[in-house]
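So the chains spell out like this:
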Amino acid sequence: QVQLVESGGGLVQAGGSLRLSCAASGRTFSSYAMGWFRQAPGSERVFVAVISRSGYSTYYADSVKGRFTISRENAKNTVSLQMNTLKPEDTAVYYCAAAREYGSDPRHYNYWGQGTQVTVSS
């Protein structure tokens, strides 16, 4: 089983950068595709980025493509999300999640972290 803990959120001005991290427990971390999702106030949780089990393949939501980068270090059981050129519309609680299959549908993710707040001021 997998337990996930996010960190690195905070307050940043538009145009700035933040790096989120997700620490995973368990000895089968490399068996899971890892994704990042976010949820803004009054909105549903939406897909942001995903990385395959090996780290070879990545996929991003159109809204963050070219600005965000997802990466993983399987030896350390960690996944990161580098967020550059942040916009006020990026403000949300960001969640790390694990799935058996590579994809963007949150219904296919089995494990979730508690979330970390990212606030971007204009």
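This text goes with the structure placed above it.
So, here is what we can say about the structure in this document. (Residues numbered from 1 in each chain as written. Predicted model: local features only at pLDDT ≥ 70, side-chain atom pairs only at ≥ 80, totals over all residues. Heavy atoms only, no water.)

**A word on the side chain of Asn77**
Tracing the chain through its elements places Asn77 in the loop between strand 7 (68-73) and strand 8 (78-83). When near neighbours in sequence (up to four residues on either side) are disregarded, Asn77 contacts Cys22, Ala23, Ala24, Ser25, Gly26 and Phe29. (Helix = DSSP H or I, 4+ residues; strand = E, 2+ residues; numbered from the N terminus. Contact = heavy atoms within 4.5 Å.)

**Section: the state of the cysteines**
Summed over all chains, the structure comprises one disulfide. Cys22 shares a disulfide with Cys96; S-S distance 2.2 Å. Disulfide Cys22-Cys96: torsion about the S-S bond near -80°, hence left-handed. Taken together, the residues Cys22 in strand 3 (residues 18-24) and Cys96 in strand 9 (residues 92-99) connect sequence positions 74 residues apart. We note that Cys22, like Cys96, is buried. (Disulfide = S-S within 2.5 Å. Buried < 20%, exposed > 50% of the residue type's maximum accessible area, 1.4 Å probe, protein only.)

**Description of the sheet that holds strand 7**
The strands that make up a sheet are held in pairs by hydrogen bonds between backbone atoms, and each pair lies either parallel or antiparallel. The strand order 1-3-8-7 describes an open sheet built from four strands, whose pairing is antiparallel. Each edge of the open sheet carries a strand with a single partner, namely strand 1 (4-7) and strand 7. Looking at each pair of strands side by side, their axes are set apart by 15° on average, direction ignored. Here strand 7 runs beside strand 8; their pairing, made up of six bridges, is antiparallel. Bridge pairing in strand 8 links Phe68 to Met83. (Pairing = 2+ DSSP bridges. Axes fitted to C-alpha atoms, helices over the stretch in contact; angles between N-to-C directions.)

**A closer look at the packing of aromatic side chains**
Each pair of aromatic rings is reported with the distance of its centres and the angle of its planes. Scanning the model with the defined rule gives six aromatic pairs in all. Between Phe37 and Tyr109 the ring centres are 4.9 Å apart and the planes differ by 80°, which places this aromatic pair in the edge-to-face class. Pair noted here: Phe37 is in strand 4 (residues 33-39) and Tyr109 is in strand 10 (residues 109-112), with a separation of 72 residues, a long-range link. This pair shows no difference in class: Phe37 is buried, exactly as Tyr109 is. Considering the side-chain rings of Phe47 and Tyr59, the 5.7 Å spacing of their centres and the 20° angle between planes classify their relative orientation as stacked. Taken together, the residues span a long stretch of sequence, with Phe47 in strand 5 (residues 46-51) and Tyr59 in strand 6 (residues 58-60) at a distance of 12 residues. Look at Phe47 and you get buried, because its relative accessible area is 13%. One aromatic cluster is present, built from ring pairs that chain together Phe37, Phe47, Tyr59, Tyr109 and Trp112. One cation-aromatic arrangement involves Arg72 over Phe29; the distance from NZ or CZ to the ring centre is 4.5 Å. The ring of Tyr32 has Arg100 sitting right over it, with the charged end atom 4.5 Å from the ring centre. (Phe/Tyr/Trp six-rings, centres within 6.5 Å; stacked < 30°, edge-to-face > 60°. Lys NZ or Arg CZ within 6 Å of the ring centre and 35° of its normal.)

Honestly, that's just the spatial picture; any functional story needs more than this.
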